[in-house]
Structures are given as C-alpha cells and as structure tokens.
Amino acid sequence: MASPRGAATDPRVLTGANVVLPTGTVKNGTVAIDGTRITGAPPADAAVLDVSGHWLVPGFVDLHNHGGGGASFSGTAEQILTAIRTHRAHGTTTLVASTVTDEMDLLVRQAGLLSELAEQGDIAGIHFEGPFISPCRKGAHSEALLRHPEPAEVRKLIDAARGQARMLTLAAELPGGIDSVRLLAEHGVIAAIGHTDATYEQTVDAIEAGATVATHLFNAMPALGHRTPGPVAALLEDERVTVELINDGTHLHPAALELAFHHAGADRVAFITDAMDAAGIGDGRYMLGPLEVEVSEGVARLVEGGSIAGSTLTLDRAFKRAVTVDRLPVEAAVQALSANPARLLGLSDRVGSLEPGKDADLVLLDADFDVRGVMRHGEWVVAPQLG
C-alpha cells in the first residue's frame, strides 16, 4: 500500500468507513481520489487504505473566523498562514477570513493583503465584521472605531477586497444600513445582520433589501421577546436567511441551539467558530484588533468590561459537540459544517460534500468523532492515524 503521504496525483481509495453523502450515510462505504478530486471510478491499481470503524465527512467550511494558533487574520501574511494551518489541522479545509473593527485605512490595507491570499487559494474570501455595527451591541469591538454603514464607506471595503469580499456584517438599523444592504447584494457580497439593536420590523426590512445571513444568531442582538420579538424572530422565520451558530457550549444554551434548528431547519444553519488567536493554543492574554483579551478555561473575554470576545473553538469540536451533546444526526451536523456554508458561498460545485468531481477535501473521524485525518485537495494535511 502506498504511503498515506503519497503525492496528490496518486490514485487512492478509502474503504470501510461510514461515508456521509448528501443522500445519507453509507456504511462500509468507499471514497476514491484521483489527483486533487474525488472520482467515481479510480484506476484498478489505486492504493487502498482501509479505514473501517471510522467516519468520512466532507471538509469543514468556516464562514466566520478571526484567527488561531496564536495568530490573527488582522496580522501579517505569515501570521495569517499560521492561523489557516491551525484550523486545517482541525478539519477546516475551506475558510473565510474575518476582520475585526479597526481604523478604516487599516481595514483597507488588510483587505488588500487578504485578497492576495484569497487569489492564491489559501482562503475562500474575506468577511468584514465591523466597523458598521451598533454601539449598543458592540461585543468585543472598539466603540471608538464604530461608524455608520454609509454606502460610500462600505464601498471602500468592497473595492479594497478586489472581488474577494464574501460577507459584511452590519447593523442595518443604523443610518445608511438598508442602502448598504442593497449595495452589498448588487455586488454579490453577503449582507449579514449582526451586532445589531434592530427591531423585528427593521430586520424584516433588511431581509427584504437583500440580507441573507444572521451573524452568530442570538449573540450581540436583542433577546427574543414575546412583545418585542426583535431580530431573532425575523431571522429565524425567513427561509432566505442562513443562521450562524457558535456551538461551543459557552455562546449558546443547548435549548437555544435546538430552537434554531427546529425553526430554521437543518438546511439553514451554519456552524461557525468566530475563533480568535487562542484557538488551538490555550489560555492566556491575546489581542483582538485593538482590544486585550483574557482566555481562561477556554473562554475568551475582554480584559476591560468582560464581554465574550469571540471563541477558542475549532470546527471539529463543534461537530463532536453537535452529535454527542446536542444529539443531532451526523447528517445534520455535516450540513451545518460543510454543505450549507459551501452553498452560501457559491462553492457547492467544488466543496461541501463527498461527490465525484469535487475537491478531495475530507475529514476522517474515529468512532468517538475525534479527528484522525484531514485531506485537502487530495493531500493529507493530517496523515491518517488508525491505531
């Protein structure tokens, strides 16, 4: 048998696993790889790797991620690559890099750097979280640097990203918000509602204008009320909206996650990390943009004020929690971590499911749903550990 670290051009067949496909799970299934793609008919002399007793799922797709491995997507190219490698080792084979509120000239400059990495295929694009958010719901963003989402300001970031802007989070109730939602929709950029103090009616208006994502639903927005349902109700009820959830056990009570799945349905949920530098590293002091963060027992909070400051989550942990704690079907977890975000990004022809013709991006999990191998574009990022 060829080495698991063989060249990406070597045809390989993985056999014996529970293979999660769009149509359901196939026991004792087979996935064949030829070069960088999944194929339906590998050559007869393809190397065979028996992965019986394991699960094969599509590579994870993270829509919302600020960093990891001690590095940030607001940093240098070397730091950005460190963060990318950290999350790939945990199964995230497709990642959108998220910025955090800062001075506009710094965001414009960072957008230029991130766009280069997107053009090289290291990331799947850029998500701008801030500065166009509500000071009432700022979370771990510097209030002094917030501004209204005037279309001309939003356009600066779109232009700086050189076609690599994938999503922008804004509080649509602020001056210019609805016009900016329309601008984003016109330019093919996802308008995401988040860090918002909007009413139910204002959120409905934003959705009608073209908003299609709820940035980390429930977090950094008014709570669901029986007389003032706020943005949560509007975002959950509209079939055009995909809702992000941070499934780390800190950001959401299990009942809130269950409510979201019940009302939105499995095809409208996307698990995200909202990870900051500490993901994959551990406790300590870190920076999130211009703000200092203390991570203790895996929970990140601002040193000043104590607000939750992103997460230390990786998507493999989100997956394991989904199926072992939240008791979601494995197929629903795969939708939330792979298929749904891939579709939202317009990448479902390449990633998000294990089908012939798509990129050979996959995660090998053991019976306890721990990562035992990660493949991206036909190469093992994490070599199979089958002992």
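Residues numbered from 1 in each chain as written. Predicted model: local features only at pLDDT ≥ 70, side-chain atom pairs only at ≥ 80, totals over all residues. Heavy atoms only, no water.

- Per an unreviewed UniProt entry, the protein goes by N-acetylglucosamine-6-phosphate deacetylase and derives from Streptomyces graminearus.

## Let's talk about the overall build of the protein
Logical step 1: Summing up its helical and strand segments, the protein has nine helices and 21 strands in all.
Logical step 2: Scaling as 2.2 N^0.38, a compact globule of 387 residues should have a C-alpha radius of gyration of about 21 Å, and the protein matches this with 20 Å.
Logical step 3: Counting only C-alpha atoms and orienting by the principal axes, one finds that the protein spans roughly 65 × 45 × 40 Å.
Logical step 4: Here the protein holds 387 residues, and the buried ones make up 57% of them.
Logical step 5: In the protein, once contacts between residues fewer than 6 apart in sequence are set aside, the share between residues at least 24 apart is 69%.
Logical step 6: Positive and negative charge centroids in the protein, built from 29 and 49 side chains respectively, lie 1 Å apart. (Helix = DSSP H or I, 4+ residues; strand = E, 2+ residues; numbered from the N terminus. Rg over C-alpha atoms; globule rule 2.2 N^0.38 Å. Buried < 20%, exposed > 50% of the residue type's maximum accessible area, 1.4 Å probe, protein only. Contact = heavy atoms within 4.5 Å. Lys, Arg positive; Asp, Glu negative; His and termini not counted. Charge placed at Lys NZ, Arg CZ, Asp CG, Glu CD.)

## Looking at the UniProt feature "domain: Amidohydrolase-related" (unreviewed entry) in the protein
Logical step 1: In the numbering used here, UniProt assigns the "domain: Amidohydrolase-related" (unreviewed entry) feature to residues 56–381.
Logical step 2: Taken end to end, residues 56–381 comprises 31% helix and 23% strand; its first and last C-alpha atoms sit 15 Å apart. (UniProt positions renumbered as here; feature names shortened; annotations may be inferred.)

## Overview of the pattern of salt bridges
Logical step 1: With the rule as written, the count across this model stands at 16 salt bridges.
Logical step 2: In this structure, Asp197 and Arg137 form a salt bridge, with 2.9 Å as the shortest nitrogen-oxygen distance. Of this pair, Asp197 sits in the loop between β12 (190–193) and α5 (200–209) while Arg137 sits in the loop between β10 (126–129) and α3 (151–160); the two residues are 60 residues apart in sequence, bridging distant segments of the chain.
Logical step 3: Overall, the relative accessible area of 32% leaves Asp197 in the partly exposed class. (Salt bridge = Lys/Arg side-chain N within 4 Å of Asp/Glu carboxyl O.)

## A word on the confidence of the model for the protein
When pLDDT is low, close inspection of the predicted coordinates is not appropriate.
Logical step 1: Per-residue confidence for the protein averages 94 on the pLDDT scale, and 98% of its residues sit at or above 70.
Logical step 2: The low-confidence segment residues 1–7, where pLDDT is below 50, has nine contacts with residues more than four positions distant or belonging to other chains. (pLDDT = per-residue confidence, 0-100.)

## Comments concerning the nonpolar core
Logical step 1: Core analysis: the biggest nonpolar cluster contains 90 residues, and Leu217, Leu245, Phe271 and Phe319 have the highest contact counts within it.
Logical step 2: Aside from chain neighbours lying at most four places away, what touches Phe319 is Val57, Phe60, Val330, Ala333, Val334, Leu337, Leu365 and Phe369.
Logical step 3: Counting residues in each nonpolar core, the second largest holds 15 residues, with Leu14, Leu49, Leu56 and Trp380 among its members. (Core = buried A, V, L, I, M, F, W, Y, C linked by side-chain atoms within 4.5 Å.)

## A word on the sheet that holds strand β17 (residues 291–296)
Logical step 1: If you trace the three strands from one edge of the open sheet to the other, you get β16-β17-β18, paired in antiparallel fashion. The outermost strands of the open sheet, each flanked by one partner alone, are β16 (284–288) and β18 (299–302). Neighbour-to-neighbour, the strand axes of the sheet open up by a mean angle of 35°, direction not taken into account.
Logical step 2: Two elements, β17 and β18, share four bridges in a ladder whose sense is antiparallel. Bridge pairing links Val293 to Leu302 in β18. (Pairing = 2+ DSSP bridges. Axes fitted to C-alpha atoms, helices over the stretch in contact; angles between N-to-C directions.)

## Quick notes on the packing of aromatic side chains
Logical step 1: Evaluation of the coordinates by the stated rule reveals four aromatic pairs.
Logical step 2: With 5.5 Å between their ring centres and 35° between their planes, Trp55 and Phe369 make a pair best called tilted. Of the two residues, Trp55 is situated in strand β5 (residues 55–58) and Phe369 in the loop between β19 (362–365) and β20 (371–376); the sequence distance between them amounts to 314 residues. Across this residue pair, the class does not change: Trp55 and Phe369 are buried.
Logical step 3: With 6.2 Å between their ring centres and 40° between their planes, Phe319 and Phe369 make a pair best called tilted. With Phe319 in helix α8 (residues 315–324) and Phe369 in the loop between β19 and β20, the pair connects residues that are 50 residues apart, well separated along the chain. (Phe/Tyr/Trp six-rings, centres within 6.5 Å; stacked < 30°, edge-to-face > 60°.)

## Notes on the sheet that holds strand β15 (residues 269–272)
Logical step 1: Strand order in the open sheet formed by eight strands is β6-β9-β10-β11-β12-β13-β14-β15, with parallel pairing between adjacent strands. The outermost strands of the open sheet, each flanked by one partner alone, are β6 (60–65) and β15.
Logical step 2: Along the sheet face, helix α7 (residues 254–264) touches β14 (242–246) and β15 and points at about 145° away from the line of β15.

## Thoughts on the environment of Thr82
Logical step 1: If you trace the backbone, Thr82 turns up in helix α1 (residues 77–88).
Logical step 2: With relative accessibility at 25%, the residue Thr82 sits in the partly exposed group.
Logical step 3: As for Thr82 and Pro22, which are separated by 60 residues in sequence, their C-alpha atoms are 32 Å apart.
Logical step 4: Not counting the four nearest positions on each side in its chain, Thr82 is found in contact with Gly68, Gly69 and Ala71.

## Observations concerning the side chain of Asp359
Logical step 1: Mapped onto the secondary structure, Asp359 falls in the loop between α9 (330–344) and β19.
Logical step 2: Classification of Asp359 as buried rests on a relative accessible area of 6%.
Logical step 3: A distance of 3.5 Å separates the side chain of Asp359 from the side chain of His377, its partner in a polar contact.
Logical step 4: If we skip the residues at most four places from it in the chain, Asp359 touches Thr36, Arg37, Ile38, Arg350, Val351 and His377. (Polar contact = N/O pair within 3.5 Å; in protein donor to acceptor, adjacent residues only side chain to side chain.)

## Re the pairing of β10
Logical step 1: The two faces of β10 match: Ile126 and Phe128 on one face and His127 and Glu129 on the other face are all buried.
Logical step 2: In the classification by handedness, the crossover that spans strand β9 (residues 92–99), the intervening helix α2 (residues 104–119) and the parallel β10 is right-handed.
Logical step 3: Of the strand pairs in this sheet, β10 and strand β11 (residues 165–170) are connected by four bridges, and their pairing is parallel. Bridge pairing links His127 to Met167 in β11. (Right-handed = clockwise from strand over helix to strand, strands pointing away.)

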